[in-house]
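Spelled out, the chains give:
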Amino acid sequence: DTFLSDLIQSVGASSPYFDESRRTRYLWSTADKPMGSWAEFGTAINTTVAPAVPFLILIADGKYDSGIRAKAISALGLCQKNPKIAATISAKLPGWLSAKEAAVRSAAVCLSADYADKISAAERDKSMYDSDPSVRQSAALTAAIVKTEASVPQLEKMLVDKDAKVRGTAALALLTFP
């Protein structure tokens, strides 16, 4: 599994969704709010992953560890400008958003930011009520990236979430709104 994990990480190196630091840098890049000494993440299309999309989807849908599946989903970030790839990924997102594994749901919520025209705000916002804090944290981040004004009341409620990372992400997300 280490080899597969490392392979997925290298194939999807241009994706902003692999870890918390990348997701936060991407959020501030899309919000156009510079954050101290952080370099912008960039929002260009992820062309390096295009040939590997079928492989990554196979892994994401496979019977692998949920962490490996989540990494495969995360590697698909910033592929939405290629119509064929976007259609394939957006068709898979609803299944990943409703997966039983929290890691898969969390990765899918982040990736759904790339498909705001395919996955409704209401569908993404359901994740703000998820029992797992990593999914709620991803939902807060996604609401900010997509700029879903209708999510602001729930983001405000998340400021008192029992999980500190959820509270912090909700606070950062609210800062991106005017």
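Given the structure is predicted, the values throughout are model-derived calculations rather than measurements.

A.B. asks: When you look at unusual backbone geometry in this model, what are you seeing that I'm missing?
C.D. replies: It is generally the case that most residues other than glycine have a negative phi and that most peptide bonds are trans. Backbone geometry places Leu78, a non-glycine residue, at a positive phi of 65 degrees. Overall, the relative accessible area of 3% leaves Leu78 in the buried class. One non-glycine residue, Lys147, lies in positive phi territory at about 65 degrees. Mapped onto the elements of the fold, Lys147 is located in the loop between helix H8 (133-146) and helix H9 (152-157).

A.B. asks: So what exactly am I meant to see when it comes to the confidence of the model for the protein here?
C.D. replies: Low pLDDT means the predicted coordinates in that region are not meant to be read closely. Across the protein, the average pLDDT comes to 88, with 92% of residues at 70 or higher. In the model of the protein, helix H2 (residues 20-31) stands out as the element of lowest mean pLDDT, 74, in contrast to helix H6 (residues 102-111), which has the highest, 96.

A.B. asks: Mind showing me how you'd approach helix H5 (residues 83-97) here?
C.D. replies: Residues spaced three or four apart along an α-helix face the same direction, because each turn holds 3.6 residues. Taking 1.5 Å per residue as the helical rise, H5 with its 15 residues ought to reach 21 Å, and the 21 Å between its terminal C-alpha atoms agrees with that figure. For H5, the set of buried residues is Ile85, Ala86, Ile89, Ser90, Leu93, Trp96 and Leu97. Buried residues belonging to H5 abut helix H3 (53-61), helix H4 (66-74), H6 and helix H7 (121-125). For H5, the side-chain oxygen to backbone nitrogen distance between the N-cap and Lys84 is 3.1 Å, and the N-cap itself is Asn82.

A.B. asks: Would you mind going over the packing of H3 against H4 with me for this structure?
C.D. replies: Angle between the axes and distance between the axes: these two values describe a pair of packed helices. The interhelical angle for the contact between H3 and H4, taken along N-to-C directions, is 145 degrees, at an axis separation of 8 Å. With respect to the hand of their crossing, H3 and H4 are arranged in left-handed fashion. Listed contacts from H4 to Leu56, Ile59, Ala60 and Asp61 of H3 are Ile68, Arg69, Ala72 and Ile73. Here the residues of the contact of H3 with H4 sort into six nonpolar, no polar and two charged.

A.B. asks: What should I look at first to understand the nonpolar core in this one?
C.D. replies: As a rule of thumb, nonpolar side chains are buried together in soluble globular proteins. Counting 54 residues, the largest nonpolar core has Ile8, Ile89, Trp96, Leu111 and Leu155 as the members making the most contacts within it. If we ignore the near neighbours within four places in the chain, the residues touching Trp96 are Ile57, Ala60, Asp61, Ile73, Leu76, Ile89, Val104, Arg105, Ala108 and Leu111.

A.B. asks: Got a minute to help me understand the pattern of salt bridges in this structure?
C.D. replies: Opposite charge on two side chains lets them pair, provided their charged atoms get close. On inspection of all chains with the given rule, the structure shows six salt bridges. The shortest N-O distance in the salt bridge between Asp61 and Lys92 comes to 2.6 Å. With Asp61 in helix H3 and Lys92 in helix H5, this pair connects stretches of sequence that are 31 residues apart. Taking the relative accessible area as the measure of exposure, Lys92 reaches 32% and is therefore partly exposed.

A.B. asks: What am I meant to see in the state of the cysteines here?
C.D. replies: For the coordinates displayed, the defined rule picks out zero disulfides. There is no disulfide at Cys79, and the cysteine sulfur nearest it, in Cys110, is 15 Å away. Its relative accessible area of 3% is what places Cys110 among the buried residues.

Procedures and definitions
Along each chain, numbering runs from 1 in the same order as the chain's sequence is written. Local features are withheld for residues below a pLDDT of 70 in this predicted model, meaning they are given only at 70 or higher, and side-chain atom pairs are given and counted only at 80 or more; totals for whole chains, interfaces and linings count all residues. For side-chain calculations, the full set of non-hydrogen atoms in the structure is used, while hydrogens and water are omitted. Exposure is judged per residue with a 1.4 Å probe applied to protein chains only, and the accessible area is read against the type maximum: over 50% gives exposed, under 20% gives buried, and values in between give partly exposed. Secondary structure counts use DSSP, requiring at least four H or I residues in a row for a helix and at least two E residues in a row for a strand, with both numbered from the N terminus. Confidence scores here are pLDDT values: one per residue, from the predictor, ranging 0 to 100. Working rule for helices: expected span equals 1.5 Å times residues minus one. Note on definitions: a residue-residue contact is assigned when non-hydrogen atoms from the two residues lie within 4.5 Å. Within 3.5 Å is the distance limit for a polar contact, defined as a pair of N or O atoms, with the added protein rule that one can donate a hydrogen and the other accept it, and that residues adjacent in sequence qualify only through two side-chain atoms. To get an axis, a line is fitted to the C-alpha atoms, and for a helix only the part in contact is used. The angle between two axes follows their N-to-C directions and goes from 0 to 180 degrees. By convention, the crossing between two helices is left-handed when the near helix turns anticlockwise from the far helix through less than a right angle, and right-handed when the turn is clockwise. Any residue outside Ala, Val, Leu, Ile, Met, Phe, Trp, Tyr, Cys, Pro, Asp, Glu, Lys and Arg is labelled polar, Gly included; the first ten of those are nonpolar and the last four are charged. By nonpolar core we mean a set of buried residues, namely Ala, Val, Leu, Ile, Met, Phe, Trp, Tyr and Cys, connected to one another through side-chain atoms within 4.5 Å. Salt bridges are counted wherever a side-chain nitrogen of Lys or Arg sits within 4 Å of a carboxyl oxygen of Asp or Glu. Any pair of cysteine sulfurs within 2.5 Å is marked as a disulfide.

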